[in-house]
Amino acid sequence: AQKAARAAKLTSVIAFEGADAAGKGGAIRRLTFSLSAYNYTVVPISAPNDEERARHYLWRFWRRLPRPGHIAIFDRSWYGRVLVERVEELIPKPTWLLAYDEINRFEAELAAHGVVLIKFWLHIGRKEERRRLKERLDTPWKRWKLTKDDWRAFKKWDDYAAAADDMIAATSTGLAPWRVVPAEDKRYARIAVMTTVAERLEAALKRKGGAKP
């Protein structure tokens, strides 16, 4: 499907969100293994730098959108505005409430320009997240993945869960629906991600009336 999408100049944006240790990185690695290396870019998102803070928060995402026929994969995304920035109280409530509408308009503009937008929320429960974080701590070659911020966020598990519920309810639209993936079984989650991407690309190609996958 990706080769046909490239030939048809079909642009795709794939966003991954989920709790720490939900398996975003592993799902992205398995997905990209099946893609042509020249056809995608992985965009890891962390805290904004000074230049990005000086602009509207969506600016840094607009500038990382892919060229026609290519795929941009965001490891975390613009939804940080209504997740970490909300829960950690980095912005006032009216600001993150406004962000739901801003994000919906942003995604509607992408859809209007023919971009295939696929949004994944990888879901794991509190008990499984604790187990995975402890596994990282106890495994020398995984320990680098674990930070103090991970444990601090875990202590706010209920707050993050409530923010995620609100986010999905407010921003799962007909143009840009969320795909909530049960991710406690990593193999299942990775297959679900790859299957969803293939199905969405094939559906978009049919709508476009271009090449068959």
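For clarity, every value in this text was computed on a predicted model and none was experimentally measured.

S.K.: So what exactly am I meant to see when it comes to helix α6 (residues 93-112) here?
M.R.: A turn of α-helix holds 3.6 residues, and therefore any two residues three or four places apart point the same way. In a regular helix each residue adds 1.5 Å, so 20 residues correspond to 28 Å; α6 covers 29 Å between its end C-alpha atoms and thus fits that length. The largest bend in α6 comes to about 25°, at Y100. Among all positions of α6, only W96, A99, Y100, E102, I103, F106, E107 and L110 are buried. As for α6, its buried residues are in contact with α4 (59-62), α5 (84-87), β4 (116-123) and α9 (157-171). In the stretch just after α6, G114 is the one whose phi turns positive, near 85°.

S.K.: I would appreciate a short explanation of the nonpolar core in the present structure.
M.R.: Across soluble globular proteins, you tend to see nonpolar side chains buried next to one another. Judged by nonpolar contacts, the single largest core of 29 residues is most densely connected at F61, F74, W78, Y79, V82, L83 and M167. Elements that contribute at least two residues to this core include exactly β1 (12-18), β3 (71-75), α6, β4 and α9. Sort the elements by how many residues they give to this core and α6 lands first, with six residues. When residues no more than four places from it in sequence are discounted, the contact partners of L83 are E17, W121, Y160, A163, A164 and M167. Counting residues in hydrophobic clusters, the runner-up holds 27 residues, among them A8, A27, I71 and V193.

S.K.: Looking at this structure, I do not really get the pattern of salt bridges. What am I missing?
M.R.: When charged atoms on two side chains of opposite charge get close, those side chains can pair. Scanning the entire structure with this criterion turns up 16 salt bridges. Between E17 and R76 there is a salt bridge, with its nearest N and O atoms 3.7 Å apart. Separated by 59 residues along the polypeptide, E17 in strand β1 and R76 in the loop between β3 and α5 bring together distant segments of the chain. Overlapping salt bridges bring together E88, D149, R152 and K156 as one network.

S.K.: Help me understand the sheet that holds strand β2 (residues 40-44) in this model?
M.R.: In any sheet, the strands associate via hydrogen bonds between backbone groups, in a parallel or an antiparallel arrangement. In space, the five strands of this open sheet follow the order β2-β3-β1-β4-β5, with parallel pairing throughout. Of all the strands in the sheet, just β2 and β5 (178-182) have a single pairing partner and so form its edges. Neighbouring strand axes in the sheet, compared pairwise and without regard to direction, differ in orientation by 20° on average. By the bridge criterion, five bridges tie β1 to β3 in an arrangement that is parallel. Of the residues in β3, the one forming a bridge with F16 is D75.

S.K.: I'm lost on the side chain of E17 in this one. Help?
M.R.: E17 sits in the buried class, given a relative accessible area of 2%. Engagement of the side chain of E17 in a polar contact is seen with the side chain of S77, the distance being 2.7 Å. When near neighbours in sequence (up to four residues on either side) are disregarded, E17 contacts K24, R76, S77, Y79, G80, L83, F120, W121, L122 and W178.

S.K.: I tried to follow the pairing of β3 on my own but got confused; where do I start?
M.R.: Regular strands place their side chains on alternate faces of the sheet. Of all five residues in β3, four are buried; the element is thus mostly enclosed. Here five bridges tie β2 to β3, and the two strands are oriented parallel to one another. By the bridge assignment for β3, T41 is matched with A72.

S.K.: What is the right way to look at the packing of helix α2 (residues 24-33) against helix α10 (residues 186-208) in this model?
M.R.: A pair of packed helices is characterised by two quantities: the angle between their axes and the separation of those axes. Contact pair α2 / α10: the axes reach a minimum separation of 9 Å and the direction vectors enclose 50°. Classed by the angle they form, the pair α2 and α10 counts as oblique. In this structure, α2 meets α10 at a crossing whose hand is right-handed. Across the interface between the two elements, G26, A27, R30 and L31 from α2 touch R190, V193, M194 and V197 from α10.

S.K.: Quick question: what am I supposed to make of the environment of L137 here?
M.R.: You can see L137 is positioned in helix α7 (residues 126-138). With relative accessibility at 40%, the residue L137 sits in the partly exposed group. In the structure, L137 is positioned ten residues away from T147 in sequence and 9.5 Å away in space, judged by C-alpha atoms. Among all residues touching L137, those that are not within four sequence positions of it are R143 and L146.

Conventions we followed
Residues numbered from 1 in each chain as written. Predicted model: local features only at pLDDT ≥ 70, side-chain atom pairs only at ≥ 80, totals over all residues. Heavy atoms only, no water. Helix = DSSP H or I, 4+ residues; strand = E, 2+ residues; numbered from the N terminus. Expected span 1.5 Å × (residues − 1). Bend = angle between axes of the 7 residues up to and from the residue. Buried < 20%, exposed > 50% of the residue type's maximum accessible area, 1.4 Å probe, protein only. Contact = heavy atoms within 4.5 Å. Core = buried A, V, L, I, M, F, W, Y, C linked by side-chain atoms within 4.5 Å. Salt bridge = Lys/Arg side-chain N within 4 Å of Asp/Glu carboxyl O. Pairing = 2+ DSSP bridges. Axes fitted to C-alpha atoms, helices over the stretch in contact; angles between N-to-C directions. Polar contact = N/O pair within 3.5 Å; in protein donor to acceptor, adjacent residues only side chain to side chain. Parallel < 35°, antiparallel > 145°, perpendicular 65-115°, else oblique. Left-handed = near helix turned anticlockwise from the far one by under 90°.

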